[in-house]
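# Tertiary structure, described
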Amino acid sequence: MTAPGENLRINGDRLWDSLMQMARIGPGIAGGNNRQTLTDADGEGRALFRRWCEDAGLSMGVDRMGTMFMTRAGTDPQALPVYVGSHLDTQPTGGKYDGVLGVLSGLELARTLNDLGIRTKHPIVVTNWTNEEGARFAPAMLASGVFAGVHTLDYAYARKDLDGKTFGEELERIGWVGDEEVGARKMHAYFEYHIEQGPILEAAGKQIGVVTHCQGLWWLEFTLTGKEAHTGSTPMLMRVNAGLAMARIMEMVQTVAMENQPGAVAGVGQVKFSPNSRNVLPGTVVSTVDLRSPDQMKLDGMRARIEAEAKQIAGALGVDCSVEAVGHFDPVTFDPTLVERVRKAAEGLGYTHMDIVSGAGHDACWAAKVAPATMVMCPCVDGLSHNEAEEISKEWAAAGADVLLHAVAETAEIVP
Ligand code: HGY
Ligand code: MN
Ligand code: MN
């Protein structure tokens, strides 16, 4: 006799179809997505997700950071809900699955429980966090950070994009300022399903990543101030070259990361020259160094060394150097009980699996500060992500969603 829900499986075709429909909103130029947070495309994606959820009988709540909470009622309204979340916003040259797989798998989980007439004691809340990527408004995981009490609402609302627009203005403009106090909701547990965004699972031939930890992160924004001058008529020894300082800092960052192997990464994805004219030496250079490690000592040691050596490099060139930490979270340990539940679900479903540390940051990292939390991962092709060519298979997507379904259903307690 099978236990209630023992053979639960999601509808892989329906999940894949939802992913492909969402991918049509905010299309990139190379097959991926550019659905950056608080753009009109983000607003369109939110509206589609809301319609799908309401068609599935879920009721919507929105908080003042615009995070969407879509609730499937439980039999005990007093029971704290089980949250299943991720994000619909993408990088400027993002893939179709980063974040979106987790949100739409949460919806698929609700649709499947509806199809099978399965009730749970705890409500289940499918969540779309605002601005997970931090590409347009730093830091990443901004809304879940406010929810966890790491950032204030005012700090978040004041964050500016490269055009000087603020988060608060843009959230208002797309009409997604909700009425719920951010963080007022209490969670029984939080699950997030995500593509690995790295090569480990595919290389090991495993279908499921049982995520035990997430590495910590610093985003250090450097502002280098040199002297704007003519690139043709200014003698080399008279230059105060902020661009050269940035180039040497990037080389140093690479050296620091390589000297902290294994288990450390660091690099630069964004450099803004001003005035950014091809025959003017930059007056200012602004750039964010992204450094990460699962090891707290390494993480903080790298930060201290990069800041100190950057000041020396800039000083030797007469360039002024200031630095601000614009993103940070310590290495995260996910809830062992929930991790074991994911592992058992993978085993029970006959999926190959392995424990894994997440290289990328996720909203689950902040959710873990306020509730028991964990993640499920599926492989991605060549480990490629934050690239329009990001790819997974329908089978991988479905397997992870099956595991998510079982772990969530067990946590939400199926009512016979
Ligand atoms: O940067 C990250 O790790 C995440 O993709 N926002
Ligand atoms: Mn993501
Ligand atoms: Mn991402």
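Small disclaimer: the values here were computed from a predicted structure and weren't measured. Every chain is numbered on its own, with residues counted from 1 as its sequence reads. Chains and ligands are labelled sequentially in the order written, the chains with letters from A and the ligands with numbers from 1. Whole-chain, interface and lining totals are the exception, using all residues; otherwise, since this is a predicted model, local features are given only for residues with pLDDT of at least 70 and side-chain atom pairs are given and counted only at 80 or more. Note that water and hydrogens are dropped before the side-chain values are worked out from all heavy atoms of the structure.

The rule for donors is simple: N, O or S, within 2.8 Å of the metal, or within 3.2 Å if the metal is Na, K or Ca. Water isn't counted, so a site may look like it is missing partners. Taken together, Asp98 (OD), Glu133 (OE), Glu133 (OE) and His386 (NE2) make up the full set of protein donors to the manganese ion (ligand 3), lying 2.1 to 2.5 Å away. Ordering the donors of the manganese ion (ligand 3) by residue number gives the pattern D-x34-E-x252-H. A separation of 3.5 Å is found between the manganese ion (ligand 3) and the manganese ion (ligand 2), which are bridged by Asp98. Here Glu133 lies in the loop between β5 (124-128) and α4 (142-147) and Asp98 lies in the loop between β3 (82-86) and α3 (100-115), a separation of 35 residues in the sequence. Neither residue differs from the other here; Asp98 and Glu133 are each classed as buried. Here a helix means four or more residues in a row that DSSP labels H or I, a strand means two or more in a row labelled E, and each is numbered from the N terminus. Residue burial is assigned from relative accessible area. The probe radius is 1.4 Å, only protein chains are included, and a residue is buried under 20% of its type maximum, exposed over 50%, and partly exposed in between.

Another aspect to go through is the UniProt feature "binding site: Zn(2+) 2" (unreviewed entry) in the protein chain. UniProt positions are given in the numbering used here, feature names are shortened, and annotations may be inferred rather than shown by experiment. Per the UniProt record, "binding site: Zn(2+) 2" (unreviewed entry) is annotated on Asp98, Glu133 and His386. Their sequence span is 289 residues, while the largest C-alpha to C-alpha distance among them is just 9.8 Å; these annotated residues converge on one region. The class of Asp98 is buried, set by a relative accessible area of 5%. At 3.1 Å, the side chain of Asp98 forms a polar contact with the side chain of His87. Using a relative accessible area of 6% as the deciding quantity, one classes Glu133 as buried. Apart from residues no more than four positions distant in its own chain, Glu133 is found in contact with His87, Asp89, Thr90, Gln91, Asp98, Ala140, Trp219 and His386. Pairs of N or O atoms within 3.5 Å make up the polar contacts considered here, provided that, within protein, one atom can donate a hydrogen while the other can accept it, and that residues adjacent in sequence are counted only when both atoms are side-chain atoms. For this analysis, residues touch if any pair of their heavy atoms sits within 4.5 Å.

When the parts of a complex come together, some accessible area is lost, and that lost area is often used as the size of the interface. When its domains are assigned, the protein chain resolves into domain 1 (12-215 + 332-415) and domain 2 (216-329). Either an automatic procedure or a domain database provided the assignment from which the domain bounds are taken. Each of domain 1 and domain 2 was reduced to a C-alpha centroid, and the two centroids are 33 Å apart. Counting residues at the interface gives 18 residues for domain 1 and 13 residues for domain 2. When the two sides are added together, the surface that domain 1 and domain 2 hide from each other amounts to roughly 1,000 Å², 63% of it contributed by carbon and sulfur. Once two parts are joined, some of their accessible surface, as seen by a 1.4 Å probe, is lost; buried area is that loss totalled over both. Ranking the residues of domain 1 by area buried against domain 2 places Leu162, Gln215 and Trp366 at the top, with a combined share of 51%. Between Lys or Arg on one side and Asp or Glu on the other, a salt bridge is scored when a side-chain nitrogen of the former is within 4 Å of a carboxyl oxygen of the latter. For the pair domain 1 and domain 2, the interface holds 0 salt bridges. Linking domain 1 with domain 2 are 0 residue pairs in polar contact (both at pLDDT 80 or more), by the criterion used here. Partitioning the side of domain 1 that touches domain 2 into residue classes produces 12 nonpolar, 4 polar and 2 charged. Note on residue categories: nonpolar means Ala, Val, Leu, Ile, Met, Phe, Trp, Tyr, Cys or Pro, charged means Asp, Glu, Lys or Arg, and polar means any other residue, Gly included.

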